[in-house]
Amino acid sequence: MESGMDLIHGSGIQMVQYLQTNYKDSQNLFLFISFAADLRNTFFVFFPIWFYLCESVGIRLIWVAVIGDWLNLVFKWILFGQRPYWWVYETTFYSNSSVPVVEQFPVTCETGPGSPSGHAMGSAGVYYVMVTALLTLLLQKQQQQLKKWCAHSLLWMGFWGVQVCVCLSRIFLAAHFPHQVIAGVISGIAVAEAFNHIQLIYKVNLKHYLNTTAFLFVFALGFYLLLKVFGVDLLWSVEKAKRWCVNAEWIHIDTTPFAGLLRNLGTLFGLGLALNSQLYADNCKGKQGQRLSFKLSCIVFSIIVLHLFDSFKPPAKIELLFYFLSFCKSAAVPLTAVAIIPYCLFHITRTHDKKIL
């Protein structure tokens, strides 16, 4: 089994070297793709846009992103996947030859296990939701078969183009092996397809959001503690990252497993608070909330405010404080986009209309 995985990892290192050697001039492009594929952009950009264009799609985006990333964490803890940037120095596969040179970058040194790829899984899930939603919206009234076929083909070509770019980016950066990004894409599509058939998420009250958030946290924490009792340290990858990363400043606490877990759970909790708040009921469900100009204003101001909000980085010196503040910051994102921004815009426009009258 180990020799088989060594062969897979060895061929993966060859692909990393090939990309880094032949596409070195595309380094900035690969870095940008990796940044763009981060789930943070789903929460800060895609969610407010889709929520006001089609509310159900916005809600589904959050659920797919959060549950998908939670499953990704559990898979990583079970599979114990290596990452190229540390495996190449620890393996005995190259005992009879020189160790290949693998270049590292500022986003290479993620601290979690490598399989499946979180970027690939998140990107596949999120873009699958958006593509299927666009197909439904564009084709439901379209009668001409040729136009249907063209739209269908273009959207799915775009989807697979994005996935290929994300996968190549993660391999180029030596953050993942090829089999890990492929597993991520397949897993992400599976999660998104499953949520396309789950209607319950659109009718969930605050109690169910609280219970779901608590269950996901307790399960993950319980799984971690249970294996720790049996001598299995699920944070083994953090030590490998600290040991083999060429620049200690490239190791960030927000890439640790529990940081991602609390960030995602905070987003889900915040969505539950927002959708069950009086601010949302008064300002998004009324006549004003159905106007296109109001929705577009909410999208623009949400993206601007959330961009400013994203610039706040919780202090990382105290780990528990960082986790707590990350949870609160993430919870504030959907709460701001869904409840606070519409409330402010509603009262600003109402005050302006009164002055005109």
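Structural data are supplied above this passage.
Quick caveat: nothing in here was measured; it's all calculated off a predicted structure. (Residues numbered from 1 in each chain as written. Predicted model: local features only at pLDDT ≥ 70, side-chain atom pairs only at ≥ 80, totals over all residues. Heavy atoms only, no water.)

Visitor: What is the right way to read the overall build of the chain from this model?
Guide: Secondary structure summary: the chain contains 14 helices and 0 strands in total. In the chain, the succession of α and β elements from N to C terminus is α-α-α-α-α-α-α-α-α-α-α-α-α-α. The C-alpha radius of gyration computed for the chain amounts to 22 Å, which stays within 12% of the reference 21 Å derived for 357 residues, consistent with globular compactness. Principal-axis analysis of the C-alpha atoms places the extent of the chain at approximately 85 × 55 × 35 Å. Out of the 357 residues belonging to the chain, those deemed buried represent 49%. About 18100 Å² of surface is accessible on the chain, with carbon and sulfur atoms providing 67% of the total. Distance between charge centroids for the chain: 14 Å, based on 26 positive and 18 negative side chains. (Helix = DSSP H or I, 4+ residues; strand = E, 2+ residues; numbered from the N terminus. Rg over C-alpha atoms; globule rule 2.2 N^0.38 Å. Buried < 20%, exposed > 50% of the residue type's maximum accessible area, 1.4 Å probe, protein only. Areas by Shrake-Rupley, 256 points an atom, 1.4 Å probe, with all protein chains shown as cover. Lys, Arg positive; Asp, Glu negative; His and termini not counted. Charge placed at Lys NZ, Arg CZ, Asp CG, Glu CD.)

Visitor: Just to check I follow, could you spell out the pattern of salt bridges for this structure?
Guide: Should their charged atoms come close, side chains of opposite charge can pair. As enumerated under the stated definition, the model contains 9 salt bridges in all. Where K240 meets E90, a salt bridge forms, and the shortest distance between an N and an O atom there is 2.4 Å. Of this pair, K240 sits in helix α10 (residues 236-244) while E90 sits in helix α5 (residues 84-90), placing them 150 residues apart in sequence. Given a relative accessible area of 29%, E90 falls into the partly exposed group. (Salt bridge = Lys/Arg side-chain N within 4 Å of Asp/Glu carboxyl O.)

Visitor: Got a minute to help me understand the nonpolar core in this structure?
Guide: Nonpolar side chains in soluble globular proteins tend to be buried together. Core analysis: the largest hydrophobic core is formed by 95 residues, its most contacted members being F43, F51, W63, Y209, L271 and L275. If near-sequence neighbours (up to four positions away) are discounted, Y209 is found in contact with I59, W63, I201, V204, L268, L271, G272, L275 and N276. (Core = buried A, V, L, I, M, F, W, Y, C linked by side-chain atoms within 4.5 Å. Contact = heavy atoms within 4.5 Å.)

Visitor: Please explain the side chain of E110 as it appears in this structure.
Guide: Tracing the backbone shows E110 in the loop between α5 and α6 (118-139). On the accessibility criterion, E110 (14% relative accessible area) is buried. Other than its neighbours up to four places away in sequence, E110 contacts R83, Y85, W86, H119, R170, A241 and T255.

Visitor: Help me understand the layout of surface pockets, please; the structure alone is not making it clear to me.
Guide: Any empty space left between atoms is shown by rolling a water-sized probe over those atoms. Size it by volume and the largest pocket reaches roughly 1200 Å³. Around the largest pocket, the lining comprises 47 residues; the ones closest to its centre are D38, R40, D254, T255 and R263. Those elements that provide at least two residues to the lining of the largest pocket are α2 (27-36), α3 (39-53), α4 (55-79), α6, α11 (257-275) and α14 (319-356). In terms of residues, the lining of the largest pocket owes the most to one element, α11, which gives 6 residues. Of the residues that constitute the lining of the largest pocket, the class distribution is 20 nonpolar, 15 polar and 12 charged. (1 Å grid on protein atoms, 1.4 Å probe; cavity = no way out; pocket = protein on both sides within 12 Å on 5 of 7 lines; lining within 4 Å. Points joined across faces, edges and corners; volume = space filled by probe spheres on them. Nonpolar A, V, L, I, M, F, W, Y, C, P; charged D, E, K, R; others polar.)

Visitor: Can you walk me through empty space enclosed by the protein in this structure?
Guide: By the definition in use, this model includes 2 cavities of 30 Å³ or more. Computed from the structure, the largest cavity encloses a volume of approximately 60 Å³. For the largest cavity, the full set of lining residues is L39, V64, A65, G68, D69, G118, M121, G122, G125, G188 and V191. Of all the secondary-structure elements, those providing two or more residues to the lining of the largest cavity are α4, α6 and α8 (178-195). Taken together, the residues of the lining of the largest cavity break down into 5 nonpolar, 5 polar and 1 charged. Estimated volume of the second largest cavity: approximately 50 Å³. What lines the second largest cavity is A36, A37, D38, L39, T42, F46, G122, S123, V126 and Y127.

Visitor: Where do I start with unusual backbone geometry in this structure?
Guide: Most peptide bonds take the trans configuration, and most residues that are not glycine carry a negative phi. The residue after S115, namely P116, is reached through a cis peptide bond having omega -5°. Positive phi, normally seen in glycine, also occurs at F80, with a value near 55°. As for its position among the elements, F80 is in the loop between α4 and α5. At A174, a position not held by glycine, the phi torsion is positive, near 65°.

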